[in-house]
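Fold and geometry: a report
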Amino acid sequence: MLFLTAPVLDIFRLDLSLGNFIIFGQQWTLGLQEVQSGQGEVIDGAIQVFFHVFLPVLSFIGISGFLIWKYGRIYCGWLCPHFSVVEMINQTMLKHLHRVTLWEKASKKAQGLISWMVVLAASISMAFVWAVTLLQYLLPPTEVFAGLVNFDLSWKPALFIFVSASIFTIDFMLFRHLFCKYGCALGVFQSLIWMANPKAMVVKFDKTRAESCRGCNNQCDQACPMRLPVRSIKRAKFTCTQCAQCLSACDRVQKDNTRGSLLIWVSGTEAKEVDRSAPVLWDRKP
């Protein structure tokens, strides 16, 4: 919702018509107007660039890097707008096509063309909303909305929406989690930082209680939007987004178990044990 409303509420956007960013309703510039007009000193311009660009960027990188080092890809699992669409389309596809991706075998046959149309409609709708939203990050939202309502958008914004919506439709329908795994540079960057810290927060499987997995039919693995082997070692979960879907699935399966879930968050010394040896998994059949 923040991604969709940020440009409309002037929380954050790059206004190409003004040539600068808008942050919380205020124009954010480098403050070099006097230097550019020849009325200011160069040293003053350098100071402005340091405080308006380098200091905020370095602070953001430092704080984000520390959080990723300690907790993993929490941005992907909890803040990324793309991943929220991944989860939404996953649920829609599971409900109507009985599988999370088109690359997996369905648990049962889908109920005709209507089921496929529902999934396709959801993907196209979200793709169009995303395309319009991205355009609002570059052009004034009032101008975009007026052009859409009156059907008089100029050819460049219209082409932007058409191309963006087409790409997003293909992504949402076919390659959602594959993009998160292999195509998102920000996601891979977070994974590399997380993997470099053996004590970072990670999901641990209680191997001593592996027998309780009998008859579960791998609900934790099926719940993972990234299609990862949840109960395996950390290296096998390189692209884990810390979304906790697997933990929720295990909680539901083990709701009548007095000892609780077999999957838990761990960090520190206990997290190092997750990557020492592969877990012993029971066959899914009781």
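The present account deals with the structure reproduced in this document. Because the structure is predicted, anything quoted here is derived from the model rather than measured.

This paragraph deals with the packing of helix α5 (residues 81-97) against helix α8 (residues 155-174). Where α5 contacts α8, the two axes come as close as 9 Å, and the packing angle between them is 55°. It follows that α5 is oblique to α8 by the angle criterion. Relative to α8, α5 is oriented so that their crossing is right-handed. Of the residues in α8, those in contact with H82, V85, I89 and M93 of α5 are D171, F172 and M173. Residue composition of the contact of α5 with α8, grouped by class: five nonpolar, one polar and one charged.

Take the sheet that holds strand β1 (residues 12-15) next. Strand order in the open sheet made by the three strands is β1-β2-β3, with antiparallel pairing throughout. Strands at the two margins of the open sheet, each flanked by one partner only, are β1 and β3 (26-28). Ignoring which end each strand starts from, the neighbouring axes of this sheet average 30° apart. Where strand β2 (residues 20-23) and β3 come together, three bridges link them in antiparallel fashion. Opposite F21, over in β3, you have W28 as the bridge partner.

What follows is about the packing of aromatic side chains. One pass over the full model with this rule turns up eight aromatic pairs. Both rings, one in F3 and one in W130, keep their centres 4.9 Å apart while their planes meet at 50°; by these two values the pair is tilted. Placement of the pair is F3 in helix α1 (residues 2-5) and W130 in helix α6 (residues 112-136), with a sequence separation of 127 residues. Note on W130: relative accessible area 7%, which makes it buried. Each ring, one from F12 and one from Y137, has its centre 6.5 Å from the other, and the planes form 55°; the classification is tilted. Of this pair, F12 sits in strand β1 while Y137 sits in the loop between α6 and α7 (141-149), placing them 125 residues apart in sequence. With relative accessibility at 38%, the residue F12 sits in the partly exposed group. Taking the relative accessible area as the measure of exposure, Y137 reaches 14% and is therefore buried. Members of the aromatic cluster, joined through ring pairs, are F3, F12, F21, W130, Y137, F168 and F172. The ring centre of F205 lies 6.0 Å from the NZ or CZ of R231, which sits over that ring. Above the face of the W194 ring, K234 is positioned so that its terminal group lies 4.6 Å from the ring centre.

With respect to the helices and strands, C180 occurs in helix α9 (residues 176-183). According to the relative accessible area criterion, C180 is buried, its value standing at 6%. A C-alpha to C-alpha distance of 7.8 Å links C180 and M226, two positions 46 residues apart in sequence. C180 has contacts with R73, H82, F83, V86 and M226, leaving out every residue within four places of it along the chain.

This part takes up a nonpolar patch on the surface. Together, I43, I47, F50, F51, F54, L55 and L58 give the surface a local cluster of nonpolar side chains, amounting to about 700 Å² of exposed area. In this structure, F51 sits in helix α3 (residues 42-71).

Our next topic: the nonpolar core. Of all hydrophobic cores here, the largest spans 26 residues; its most connected members are F83, V230, C246 and L263. Of all the secondary structure elements, the ones that give two or more residues to this core are α5, β4 (202-205), α12 (245-253) and β5 (263-266). Listed in part, the 11 residues of the second largest apolar core include V85, A127, Y137 and F168.

Next up on the list: α5. The end-to-end C-alpha distance of α5 is 24 Å, a good match for the 24 Å that 17 residues give at a rise of 1.5 Å each. Buried within α5 are the following residues: P81, H82, F83, V85, V86, E87, I89, N90, T92, M93 and L97. Buried residues along α5 sit against α1, α4 (74-78), α6, α8, α9 and α12. Residue H98 follows α5 closely and has a positive phi angle near 60°.

Rules and cut-offs
Residue numbers here run from 1 along each chain, matching the order of that chain's written sequence. In keeping with the model being predicted, local features are shown solely for residues with a pLDDT of at least 70 and side-chain atom pairs are shown and tallied solely at 80 or more, while totals for entire chains, interfaces and linings include all residues. Computation of side-chain values covers all heavy atoms of the structure but excludes hydrogens and water. Fitted lines through C-alpha atoms serve as axes, helices being fitted only where they are in contact, and the angles separating the N-to-C directions of these axes extend from 0 to 180 degrees. Put simply, DSSP H or I for four residues or longer makes a helix, DSSP E for two residues or longer makes a strand, and each gets a number counted from the N terminus. Angle categories: roughly parallel below 35 degrees, roughly antiparallel above 145, roughly perpendicular from 65 to 115, and oblique for all the rest. Take the far helix as your reference; a near helix turned counterclockwise from it by less than a right angle gives a left-handed crossing, and one turned clockwise gives a right-handed crossing. Only heavy atoms matter for contacts: two residues are in contact if any of them lie within 4.5 Å across the pair. Only Asp, Glu, Lys and Arg are considered charged, only Ala, Val, Leu, Ile, Met, Phe, Trp, Tyr, Cys and Pro nonpolar, and every remaining residue, Gly among them, polar. Here a strand pair is declared whenever DSSP counts at least two bridges between the two strands. Each aromatic pair joins two rings of Phe, Tyr and Trp (for Trp, the six-membered one) with centres within 6.5 Å, and gets the label stacked for planes under 30 degrees apart, edge-to-face for over 60, and tilted for any other angle. Partly exposed describes any residue whose relative accessible area lies between the buried limit of under 20% and the exposed limit of over 50%, with all areas from a 1.4 Å probe on protein chains only and scaled to the type maximum. Distance and angle both matter: a charge sits over a ring if NZ of Lys or CZ of Arg is within 6 Å of the ring centre and within 35 degrees of the ring normal. Each patch is assembled from residues with relative accessible area greater than 30% and no salt bridge, linking like charges that lie within 9 Å and nonpolar side chains (Val, Leu, Ile, Met, Phe, Trp, Tyr) that lie within 5 Å. Here the Shrake-Rupley method, with its probe set to 1.4 Å, supplies the accessible areas, and only the displayed protein chains count as covering residues. Think of a salt bridge as a Lys or Arg side-chain nitrogen and an Asp or Glu carboxyl oxygen that are within 4 Å of each other. Take the buried Ala, Val, Leu, Ile, Met, Phe, Trp, Tyr and Cys residues and link them wherever side-chain atoms come within 4.5 Å; each set so joined is a nonpolar core. Residue count minus one, scaled by 1.5 Å, sets the expected span of a helix.

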